[in-house]
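Results of the structural survey
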Amino acid sequence: MTSSSFGLFLPLFDNEKHGFSTRLMKQILLTFDVEEFDIPNEYGAQLSMTEQLKIGTEGLHIVQQMLLSLDIPTTLFTTGLFAENNVSLIQQLSKKNEIASHGYAHGDADESLILQSKQILESITQDKVYGYRSPRMAPINHLVLSENGFEYDATSNPTYLPGRYNHLSQPRTIHQKNNLTIIPASVTPRLRIPLFWLLFKNLPMSLIKKWTSNVLEHDGYLVLYFHPWEFCDLRHYDLPFYVKRIDHTALQERFMAYCTWLKTKGEFSTIHHFLQSNA
């Protein structure tokens, strides 16, 4: 599907008023940022690339088994560096899931490497890469994406995160910009509470389900994002409490229960399939 054909999809949305057309089944767009485990380095650690890739790979194997058990598809925003070091695993996952770009390396937002990351992923999967998400949701030049053949950008997180960014002025729902379809991460309609990985680790499941139901009812679809490394044992890493509050087996059980509940609320889809189906 070309970028221009995405325009046919947009009338299904009325940003802050009605959201996704209620005549269609609610859609759940589960996504993961597949990357090197470099978050400890943000807090002063000096993890080697070998260690970063080891934890990222361990987490992705866990995610792969959970997806197989749940029998649901996902979109995996994958760095080129990670994919180069996990060719067989990415090839396996690409058979049932969408592989999209997360830049070349998670610690390097160099826009000149965006095409290289796309080419690496396409060479490994033998399939076209349609989507992009910047590492750490960093701003991206949409013209660079469209010029390099991307059709959607899932970078936007339209909320306020203290110490990170203030994106409250960004549109909350799917829209088009500079020949790209923009897929923001889901936030609640009024307060813009982000339904993302940190909330999932730190708030009661009753609240998460309440806000999830609210977004699904209002928008007709849900965009979630996690990281494979979250599901590893993080106890020995010097990270803030809220980053590793729930990890490993406890997080895996929590995630499985949440996704099992979500299956009663709608249908899981990759982002590309979702856009194709509603064009």
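Right above here is the structure, for reference.
Residues numbered from 1 in each chain as written. Predicted model: local features only at pLDDT ≥ 70, side-chain atom pairs only at ≥ 80, totals over all residues. Heavy atoms only, no water.

By the definition in use, this model includes zero disulfides. No disulfide involves Cys232; its sulfur sits 17 Å from that of Cys259, the nearest cysteine. Residue Cys232 is classed as buried on the basis of its relative accessible area of 1%. Look at Cys259 and you get buried, because its relative accessible area is 1%. (Disulfide = S-S within 2.5 Å. Buried < 20%, exposed > 50% of the residue type's maximum accessible area, 1.4 Å probe, protein only.)

What follows deals with the pairing of strand S10 (residues 221-226). Judged by how many residues are buried, S10 sits mostly within the fold: six of six residues are covered. Covered by surrounding structure in S10 are Tyr221, Val223 and Tyr225 together with Leu222, Leu224 and Phe226, the residues of both alternating faces. In terms of strand pairing, strand S1 (residues 27-34) meets S10 through six bridges, oriented parallel. Bridging across to S10, Leu29 finds its partner in Val223. (Helix = DSSP H or I, 4+ residues; strand = E, 2+ residues; numbered from the N terminus. Pairing = 2+ DSSP bridges.)

One pass over the structure, following the stated rule, counts 15 aromatic pairs. Here Tyr132 and Phe150 contribute two aromatic rings whose centre-to-centre distance is 5.7 Å and whose plane-to-plane angle is 65°, an arrangement assigned as edge-to-face. A residue pair is termed long-range when its members are at least 10 positions apart, and Tyr132 in strand S4 (residues 131-132) and Phe150 in the loop between helix H5 (142-147) and strand S5 (152-153) qualify at 18 residues. On the accessibility criterion, Tyr132 (4% relative accessible area) is buried. Residue Phe150 is classed as buried on the basis of its relative accessible area, which comes to 1%. Between the aromatic rings of Tyr221 and Phe274, the centroid separation amounts to 5.8 Å while the plane-to-plane angle is 40°, which identifies the pairing as tilted. (Phe/Tyr/Trp six-rings, centres within 6.5 Å; stacked < 30°, edge-to-face > 60°.)

To continue, consider unusual backbone geometry. The phi torsion at Met137 lies on the positive side, around 55°, for a residue other than glycine. Checked against the element boundaries, Met137 lands in the loop between S4 and H5. Residue Met137 is classed as buried on the basis of its relative accessible area of 4%. Backbone geometry at Asn178 places phi at a positive 50°, although glycine is not the residue there.

This paragraph deals with the nonpolar core. The nonpolar side chains of soluble globular proteins are, as a tendency, buried together. Grouped together as the largest cluster of nonpolar side chains are 74 residues, with contacts concentrated most on Phe32 and Phe255. Among the elements that take part in this core, helix H1 (residues 49-70) stands out by supplying eight residues, more than any other. Setting aside anything within four residues of it in sequence, one finds Phe255 in contact with Leu30, Phe32, Met66, Leu70, Phe200, Phe226 and Phe231. Counting 13 residues, the second-largest nonpolar core is a separate cluster that includes Leu29, Ala100, Ile183 and Val223. (Core = buried A, V, L, I, M, F, W, Y, C linked by side-chain atoms within 4.5 Å. Contact = heavy atoms within 4.5 Å.)

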